[in-house]
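So you can see what is in the structure, the chains are spelled out below.
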Amino acid sequence: MTTPDRGVATDAPAGPGGQVGAGRTVLRVDGLSVGTRQTPLLSDVTFSVDRGERVGLIGESGSGKSLTALAVMGLLPEGLGASGDVRLSARTPAARNLLGVAERDMARVRGDGMSMVFQEPMTALNPTMRVGDQVDEVMLLHRTQPSRSAARRRVVELLGQVDLPDPAHLARSYPHELSGGQRQRVVLAIALANDPALLICDEPTTALDVTVQATVLDLVVRGVEERDSAMLFITHDLGVVATVCERVLVMYGGRIVEAGPVQEVFADPRHRYTQGLVAASDLAGADGRRDRAQLPTIPGTVPPAGRFPSGCVFRTRCTHATQACASQPPWTPRGEHPAGAAAYGHACVHPAGGDDD
Ligand SMILES: Nc1ncnc2c1ncn2[C@@H]1O[C@H](COP(=O)(O)OP(=O)(O)OP(=O)(O)O)[C@@H](O)[C@H]1O
């Protein structure tokens with residue numbers, strides 16, 4: 001398997017989002033904002049993902065996780081505009097800001113430089129096409145195609161890599177002839193076909209039978225590990241993040257409110273929102289002493305887009321909020337990170353364990 005150079009080109013401007021020229025940064029997102037004409041949906045989203053690194057993106061429904069992924073992929077729905085700086089490694093055209101890259105060129109970046117696995121495999125597959133041809137098509141789009149027989153061998157090899165039984169036979173099947181887990185394996189094979197520098201997964205196992213979720217998760221991890229690809233993994237499930245990821249970004253109200261090494265953030269969440277997520281998660285009940293139904297929930301609901309307060313975006317739901325949360329900057333840097341404090345995330349002005357506990 002090839003592991004091409006994935007270092008970020010040195011023409012990228014220095015800034016809080018990543019170490020330019022360090023050679024390990026695969027994706028750097030700097031000050032990404034997304035919205036409609038009237039409504040901001042993402043504000044100043046800043047983070048980076050290194051080669052071989054697995055980063056989780058968590059937050060309740062409506063926090064902005066999927067929009068972040070779609071903005072990076074250049075797949076934002078019509079009517080939404082984006083500003084900021086999104087750079088992928090040197091395999092993309094001149095490592096330009098992807099937000100300014102024409103769709104014709106973005107199509108080449110997707111599937112080659114980066115690819116995405118969505119929650120529902122049927123939406124990613126063409127129901128009228130044999131699955132082997134769909135894998136083959138992706139390779140055709142993104143590579144100079146070798147001979148027919150070599151291409152067929154590569155398709156079978158890729159389907160075998162995601163542990164599909166009898167891949168030569170299965171390549172001739174149509175999506176509806178496969179189980180949900182098998183379909184998601186095909187989608188994963190397609191996403192990995194060109195050894196992407198970055199794989200984005202948006203709840204890749206949520207739609208699957210619980211008995212096959214762990215297997216598919218293992219395959220995702222194995223796929224990126226073998227390629228030394230960077231991974232951004234979107235999920236509601238903190239337990240999955242704890243198992244799969246090294247670093248986590250916590251999102252609320254279209255902002256990253258906290259970020260850091262998974263173990264550190266989950267063991268000692270600084271932001272009241274993260275604290276609420278951790279308390280409400282299976283992580284809190286992982287010792288088996290607590291019934292899932294007894295886990296606390298975060299009070300209130302996520303406000304509709306555009307209705308988040310100034311100051312700390314979480315303050316209208318936070319039981320510890322004071323006047324300071326409205327008027328002070330909503331965050332302070334937390335800890336050290338090679339990408340810089342601003343990219344590392346933000347801590348609550350009333351962190352857990354503080355004086356007001
Ligand atoms: N095309 C759109 N036009 C207007 N608002 C949108 C559009 N797409 C998403 N939104 C809004 O942007 C906000 C963030 O949505 P997003 O789908 O990114 O959340 P999420 O964290 O991924 O949620 P989930 O976990 O349910 O997928 C939500 O308030 C959503 O309603």
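Residues numbered from 1 in each chain as written. Predicted model: local features only at pLDDT ≥ 70, side-chain atom pairs only at ≥ 80, totals over all residues.

Asks: Would you take a moment to explain the overall build of the protein for this structure?
Replies: A tally of helices and strands in the protein yields 13 helices and eleven strands. Counting every position in the protein, which comprises 357 residues, the buried fraction comes to 46%. Long-range pairs, those at least 24 residues apart, make up 63% of the contacts in the protein between residues at least 6 apart in sequence. (Helix = DSSP H or I, 4+ residues; strand = E, 2+ residues; numbered from the N terminus. Buried ≥ 20, exposed ≤ 12 C-beta atoms within 10 Å, placed from the backbone. Contact = placed C-beta atoms within 7 Å.)

Asks: I'm lost on the packing of helix 7 (residues 180-192) against helix 8 (residues 210-227) in this one. Help?
Replies: Following both chains from N to C, one finds helix 7 and helix 8 inclined at 10°, their axes separated by 10 Å at the closest point. In terms of axis orientation, helix 7 runs roughly parallel to helix 8. Of the residues in helix 8, those in contact with G181, Q184, R185, L188 and L192 of helix 7 are V212, T215, V216, L219, V220, G223 and R227. Residues that form the contact of helix 7 with helix 8 fall into these classes: six nonpolar, four polar and two charged. (Axes fitted to C-alpha atoms, helices over the stretch in contact; angles between N-to-C directions. Parallel < 35°, antiparallel > 145°, perpendicular 65-115°, else oblique. Nonpolar A, V, L, I, M, F, W, Y, C, P; charged D, E, K, R; others polar.)

Asks: Can you help me understand the sheet that holds strand 3 (residues 54-58) in this one?
Replies: Strand pairing in a sheet relies on backbone hydrogen bonds. The paired strands run either parallel or antiparallel. With mixed pairing, the six strands of this open sheet are ordered in space as 5-6-7-3-8-9. The sheet is open, and its two borders are formed by strand 5 (114-117) and strand 9 (255-261), each paired with just one other strand. Ignoring which end each strand starts from, the neighbouring axes of this sheet average 15° apart. Pairing of strand 8 (residues 247-252) with strand 9 involves six bridges; the strand directions are antiparallel. If you follow V250 over to strand 9, its bridge partner there is E258. Taken strand by strand, helix 1 (residues 65-73) contacts strand 3, strand 5, strand 6 (198-202), strand 7 (230-234) and strand 8, and its axis lies near 150° from that of strand 6. (Pairing = 2+ DSSP bridges.)

Asks: Explanation requested: the sheet that holds strand 4 (residues 81-88) in the structure shown.
Replies: Strands sit in the order 2-1-4 across an open sheet of three strands; the sheet is antiparallel. Unpaired on one side and paired on the other, strand 2 (40-50) and strand 4 mark the two borders of the sheet. Mean inter-strand twist for the sheet, computed between neighbouring axes without regard to direction, equals 5°. Alignment of strand 1 (residues 25-35) against strand 4, held across seven bridges, turns out to be antiparallel. Bridge pairing links D30 to D85 in strand 4. Each of strand 1, strand 2 and strand 4 touches helix 1; the most contacted strand, strand 1, lies at about 115° to it.

Asks: Got a minute to help me understand the nonpolar core in this structure?
Replies: Across soluble globular proteins, you tend to see nonpolar side chains buried next to one another. Counting 85 residues, the largest nonpolar core has A189, L198, V248 and V250 as the members making the most contacts within it. The element best represented in this core is helix 7, accounting for seven residues. Residue contributions to this core reach at least three from each of two domains, namely domain 1 (24-113 + 197-287) and domain 2 (124-193). (Core = buried A, V, L, I, M, F, W, Y, C linked by C-beta atoms within 7 Å. Domains from an automatic or database assignment.)

Asks: What am I meant to see in the domain arrangement of the protein here?
Replies: It is common to give the size of an interface as the accessible area lost on bringing the parts into contact. Considered domain by domain, the protein is made up of domain 1 (24-113 + 197-287) and domain 2 (124-193). Averaged C-alpha coordinates put domain 1 and domain 2 at centres separated by 25 Å. Facing 14 residues of domain 1, the contacting portion of domain 2 comprises twelve residues. Ranked by residue count, the leading element in the side of domain 1 that touches domain 2 is helix 8, at seven residues. Residue composition of the side of domain 1 that touches domain 2, grouped by class: eight nonpolar, three polar and three charged.

Asks: When you look at the pairing of strand 6 in this model, what are you seeing that I'm missing?
Replies: Working note: regular strand, side chains alternate between the two faces of the sheet. Among the five residues in strand 6, five count as buried, and that is most of the element. Going residue by residue along strand 6, you find L198, I200 and D202 tucked away on one face and L199 and C201 tucked away on the opposite face as well. By the bridge criterion, four bridges tie strand 5 to strand 6 in an arrangement that is parallel. In the strand pairing of strand 6, M114 is matched with L198. Here strand 6 runs beside strand 7; their pairing, made up of five bridges, is parallel.

Asks: What is the right way to look at the site of the ligand in this model?
Replies: In the vicinity of the ligand lie 14 residues, with S61, K65, S66, L67 and A305 positioned nearest. With three residues, the top contributor of residues to the shell around the ligand is helix 1. Broken down by class, the residue content of the shell around the ligand amounts to five nonpolar, eight polar and one charged. (Near = placed C-beta within 6 Å.)

Asks: For this particular structure, what's the right way to read the pairing of strand 9?
Replies: In terms of burial, strand 9 is a largely internal element, six of the seven residues being buried. Hairpin remark: strand 8 followed by strand 9, antiparallel, with two residues in the connecting loop; positive phi at G253, about 60°.

Asks: Just to check I follow, could you spell out unusual backbone geometry for this structure?
Replies: Glycine aside, residues mostly have negative phi angles, and peptide bonds mostly take the trans form. You will see that D163, though not glycine, has its phi angle at about 60°, which is positive. For D163, the position within the fold is in the loop between helix 5 (148-161) and helix 6 (167-170). Given 14 C-beta atoms within 10 Å, D163 falls into the partly exposed group. Within the chain, E203 stands out as a residue other than glycine whose phi angle is a positive 50°. Note on placement: E203 falls in the loop between strand 6 and helix 8.

Asks: Explanation requested: the environment of A171 in the structure shown.
Replies: On the secondary structure map, A171 appears in the loop between helix 6 and helix 7. The class of A171 is buried, set by 23 C-beta atoms lying within 10 Å. Taking the C-alpha atoms as reference points, A171 and R148, separated by 23 residues in sequence, lie 14 Å from one another. Those residues in contact with A171, other than ones at most four positions away along the chain, are R130, V131, G132, V155, V156 and L159.

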